[in-house]
Amino acid sequence: MSPAAELVCVVDDDESVRRGLRRLLKSAGYTAETFSSAEEYLAREIFQGALCLLLDVRMPGLKGPALQEALEERGTCEQIVFITGHGDVPTATRAMKKGAVDFLTKPFDGEELIQAVKRALKRSEERLRNRGERLKARSRVEKLTPREFEVLRFVVMGLLNKQIAAELHTAEKTVKVHRGRVMQKLGVTSVADLVRISQWAGVSPARKRA
Amino acid sequence: MKTLATPLGLAGPGSRSTTERSDAQFFDRRVAGVALSVALAYYLGAKIGFALTFQPHPVSVLWPPNSILLAALLLTPVRVWWVILLAAFPAHLAVQLQSNVPPMMILCWFISNACEALIGAGCVRYLIDRPVRFDRLRNVGIFCFFAAFLAPLLSSFLDSAFVAINRFGQDSYWQVWRIRFTSNILASLTLVPFIVTWSGDGIAWLGKIRRARILEAGLLLIGLLSINTIVFYKLAPTADSALLYLPLPFLIWAAVRFGSRGASAAICALTLLAIWSAGHGYGPFSTRSAEENALSIQMFLIVMSVPLLLLAGVIEERSKGETTLREREERISLAAESANLAFWSINFERKESWMSDKGRAIFNFGPDEHLSRELFLSRVHPEDRNAVGEAIERARASSQTFEFEYRLLRPDGATRWLISRGRYVSNDRGGIRELIGVAIDITAQVEADLQLRLQREEMARMSRVSSMGELTASLAHELNQPLTAIASNAAAGRRLLAQGTPDLEMFEELLADVSADARRAGDIIHGIHHFVRKSEGRRCPVNLNEIVQEVLRLLHSDLLGRATPVETQLAPNLPSVDANPVHLQQVLLNLVMNSLEAMQSTPIGKRRIVISTTCEDSSSVLVTVRDYGSGLPKEDLDKVFNHFYSTKPNGMGMGLTIVRSIVEAHGGKLNAENSDEGARFFFRLPVKPKSETPEVI
């Protein structure tokens, strides 16, 4: 786990809280950045590594939960830990349902916070890795010709070569050639791997003609 | 007596509407029927009049046609009178022609007869509201004077004049006048009441009479007829004239038991029998000349009938009054029952008192207990007793209507709220005759009112609490920021130490941050004092006694609702302090509310708050609020003023903090201590120096 690959961001309107948290995170070996508002954080360039966001609920301007929604739309991989001055149950429940890692009430125990940060980074990293797999699969699928892509969809559907040939009004031999080329381009050797990579790439199975 | 009023035809709403209906329909077939019967009756009446003439001299003792006409006019609406008169004329004509009277004389007599009936009926109808009844002394009096005396008197002059002008008969003017006058009086007195009372209400009432009444009427009739026959027919003409009064008991019986109907019928029977007997030469009125006999029998009968009619009127009036009174009393008692009213009266002259049953129940008086002011005051709540006593005394002195609201303390300990209204009634000599009044039990309203007020206050308190909650939430948020920073820094410090490579410079920075955050937390707490000081507003000379009174007024319903009496010991001539009156009000309000809350578990009888003001060595004023509640926990004596400290389950622990802040902002000091029972809160405020009053507003 290289330090450059992960980052902890603190968004809180109170300066002493920011200073205290940055010091605590640094003492635990994390790289920390602090922001005084949600808007300031959104202005930062998107970090590509695993990211934990320590987010205050009540702030001037954009509030914590609103930032959570904005980030969801952006589709980035940061995981959020809410920190709040007064923990009210409805806000906490909503935040947790929307995927927050934890909801800490100020003043919280330093170790508790570190544990939450650790969990958030781990989840962020998992999400990041999944996204990498998906991107790789998609780039390979993109190399297929339209005909090969057609054949792939029928294979994923579980059709035999003969059936695929009937569907595509072509010879079984031709299908066999296309299929070999698909396996080669996607870098797999078994049908099972083929199905898995198609799923990563989001390939939908073809629909059998009625 | 009970059944008397109904069959004798009281002016009830039913009979009146019948009259109105007949008014509307009078010109149809009914008017024809009435006209026909009038003509018939007139004819028959004249025949009877001739029959009752004393022979040989044709002197009429009783001349019924005029009375029949009069009765018909009394019973019919004025609009149809002309029909009645027109109908009577042919009858008059027929009768008189048989007696060989010249046509001119016939016409003249009809005119005078009609005049008599019109004068009598006109006066009576003008003075008595329809329908004409003989059930009141006034009505009978009006009838006797106008119809039975004045009308014959006036028309007799006319009659005599006609006779003189036509040179009819041999009698002198005054002879004719006298004969006619007396015979018409007699006819009016005997026949008109009979016709009017027996035909006024139809015959429907006959069906409602009880059998006992019919039996009694039969007995009366037999007795009356027998005694009349004995006196006027069987007795020798020379018998003792005192025996003439033998029918009197029966006549009085008729009047007393059967009212105007009975009396008029009895008089009729007596009259007809007496005249008939005398006319045929029997009885005491047959001894002298026809003229003398006629006069004496007329006088006898007139003297008998007038008092009887009046007696019947009085009797009916009284029984009617009794019925009305009973009905009214029932109505009032129904109203009293349903409205929780207590009616009462004390008559000082007769030394009598009365109170409705409901009232006795409300006041818890025995059914025969004599009412008096002392008895009444003994039921009044001790706290209201003086005020009520004074109100009564004031009303008595000015003889005016009084009204006051007070509480009753019933023997079972329950408190009832009442409003009493009363009036002293003076007698003719200007003294006080009677005290009458009504008391209304308004406990339900008062309690509902109190409930409403308590609810409103509870709502106000809730909103106050929620705004306090808002304040604490933001306060908590404010405090949590530095605390979070301190906690984070501490955790970071521990980690750094554990790593064994303490960067001293960084550590120093860290500790500086921690102490800065701690200071900041302290400042937030102090902010409450600033908040109070900021909203201080304008100061002016304030009399603390007035503040105490004002606060007690504000808390009136609270104190009532919690059954807590407040005792004040206010120093007279208290020097004023320089203060914001609204803030001092807040202080006292808070202290009294705290006392009330502290006594929630104190038994009701023991609850008490004592507020006192004292002037101390002319430089400061001491205000004390003492309760008889649970007192303060010993170890917490000073803690009660701490922020967020509360002994109440729902307390915020802010009230006394703010109170103390206010007192201190005014240069005073607030303290608390336990007394032998309950707690005592007291504060001193400096007196405003006299020299320092340049601001004259």
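Everything quoted here is computed from the prediction, not taken from an experiment.

**Side note on the overall build of chain B**
In step 1: When helices and strands are counted, chain B shows 19 helices and 14 strands.
In step 2: Burial status across chain B gives 32% buried among its 697 residues.

**Side note on the overall build of chain A**
In step 1: If you tally the helices and strands in chain A, you get 9 helices and 5 strands.
In step 2: Counting helices and strands in the order they occur from the N terminus, chain A gives β-α-β-α-β-α-β-α-β-α-α-α-α-α.
In step 3: Out of the 210 residues belonging to chain A, those deemed buried represent 34%.
In step 4: When contacts within chain A are restricted to residue pairs at least 6 apart in sequence, those whose partners lie at least 24 apart make up 63%.

**Some words on the interface of chain B and chain A**
Think of interface size as the accessible area that goes away when the parts come together; that is how it is often given.
In step 1: With 20 residues of chain B at the interface, the matching set in chain A holds 19 residues.
In step 2: Looking at the side of chain B that touches chain A, the elements that each hand over two or more residues are α14 (443-499) and α15 (504-534) of chain B.
In step 3: Here the side of chain B that touches chain A is built from residues that sort into 11 nonpolar, 6 polar and 3 charged.

**Section: the sheet that holds strand β5 (residues 402-409) of chain B**
All names here are of chain B.
In step 1: Read across the sheet, 5 strands follow the order β4-β3-β7-β6-β5 without closing on themselves; strand pairing throughout is antiparallel. The two strands at the open ends of the sheet, each matched to only one other strand, are β4 (352-355) and β5. Across the sheet, the mean angle separating the axes of adjacent strands is 20 degrees when strand polarity is ignored.
In step 2: Pairing between strand β3 (residues 341-347) and β4: 4 bridges, direction antiparallel. Bridge assignment links S345 to a residue of β4, and that residue is W354.

**Quick look at the nonpolar core**
In step 1: A71 and A266 of chain B are the most contacted members of the largest nonpolar core, which totals 77 residues.
In step 2: Setting aside chain neighbours within four positions, we find A71 of chain B in contact with L191, V192, I195 and V196 of chain B.
In step 3: The next biggest cluster of nonpolar side chains, apart from the first, holds 46 residues, and it includes L7, L51, V57 and I80 of chain A.

**Things to note about the confidence of the model for chain B**
In step 1: On average, residues of chain B carry a pLDDT of 81, and 86% of them reach 70 or more.
In step 2: Across the interfaces of the predicted complex, the ipTM metric reaches 0.74, alongside a pTM of 0.46.

**Observations concerning the pairing of strand β11 (residues 609-616) of chain B**
All names here are of chain B.
In step 1: Where strand β9 (residues 566-570) lies against β11, 5 bridges are found, and the strand directions are parallel. Across the sheet, the residue bridging to L570 is T613, located in β11.
In step 2: Count of turn residues in the β11/strand β12 (residues 620-627) antiparallel hairpin: 3 residues, of which D617 carries a positive phi of about 35 degrees.

**Quick look at the sheet that holds strand β4 (residues 79-84) of chain A**
Residues and elements named next belong to chain A.
In step 1: Reading across the sheet, the 5 strands line up as β2-β1-β3-β4-β5 and stay open at both edges, with parallel pairing between neighbours. Looking at which strands have only one partner, the edges of the open sheet turn out to be β2 (32-35) and β5 (102-105). Looking at each pair of strands side by side, their axes are set apart by 20 degrees on average, direction ignored.

**A closer look at the packing of helix α6 (residues 137-166) of chain B against helix α7 (residues 173-199) of chain B**
All names here are of chain B.
In step 1: Orientation of α6 relative to α7, taken along the N-to-C sense of each, is 145 degrees, at an axis distance of 8 Å. Here the hand of the crossing between α6 and α7 comes out right-handed. The residues of α7 that touch α6, namely those facing A147, A148, F149, P152, L153, S156, F157, D159, S160, V163 and A164, are Y173, V176, W177, R180, F181, N184, I185, S188, L189 and V192.
In step 2: Tallied by class, the residues present in the contact of α6 with α7 amount to 15 nonpolar, 4 polar and 2 charged.

**Considerations on helix α6 (residues 146-157) of chain A**
Residues and elements named next belong to chain A.
In step 1: With 12 residues, α6 should cover 16 Å at 1.5 Å per step; its first-to-last C-alpha distance of 17 Å lies within 8% of that length.
In step 2: When we look at burial in α6, the residues that qualify are V151, L152, F154 and V155. The buried residues of α6 all sit within an arc of 165 degrees when viewed along its axis, so they share a single face.
In step 3: Contacts from the buried residues of α6 go to α7 (161-168), α8 (172-186) and α9 (191-201).

**Some points on unusual backbone geometry**
In step 1: Of note, the amide linkage connecting K106 of chain A to P107 of chain A takes the cis form, showing an omega dihedral of -10 degrees.
In step 2: Turning to its location among the elements, P107 of chain A is positioned in the loop between β5 and α5 (110-141).
In step 3: One non-glycine residue, H169 of chain A, lies in positive phi territory at about 55 degrees.
In step 4: Looking at where H169 of chain A falls in the secondary structure, it is placed in the loop between α7 and α8.
In step 5: On the neighbour-count criterion, H169 of chain A (6 C-beta atoms within 10 Å) is exposed.
In step 6: Residues other than glycine seldom take positive phi values, yet K351 of chain B does so here, at roughly 55 degrees.
In step 7: With respect to the helices, strands and loops of the structure, K351 of chain B is situated in the loop between β3 and β4.

**Considerations on the environment of T93 of chain A**
In step 1: Its place among the elements puts T93 of chain A in helix α4 (residues 89-97).
In step 2: Through-space distance from the C-alpha of T93 of chain A to that of F103 of chain A is 8.9 Å; in sequence the pair is 10 residues apart.

Thresholds applied
Residues numbered from 1 in each chain as written. Chains lettered and ligands numbered in written order. Predicted model: local features only at pLDDT ≥ 70, side-chain atom pairs only at ≥ 80, totals over all residues. Helix = DSSP H or I, 4+ residues; strand = E, 2+ residues; numbered from the N terminus. Buried ≥ 20, exposed ≤ 12 C-beta atoms within 10 Å, placed from the backbone. Contact = placed C-beta atoms within 7 Å. Nonpolar A, V, L, I, M, F, W, Y, C, P; charged D, E, K, R; others polar. Pairing = 2+ DSSP bridges. Axes fitted to C-alpha atoms, helices over the stretch in contact; angles between N-to-C directions. Core = buried A, V, L, I, M, F, W, Y, C linked by C-beta atoms within 7 Å. pLDDT = per-residue confidence, 0-100. Left-handed = near helix turned anticlockwise from the far one by under 90°. Expected span 1.5 Å × (residues − 1). Arc of directions from axis to C-beta.

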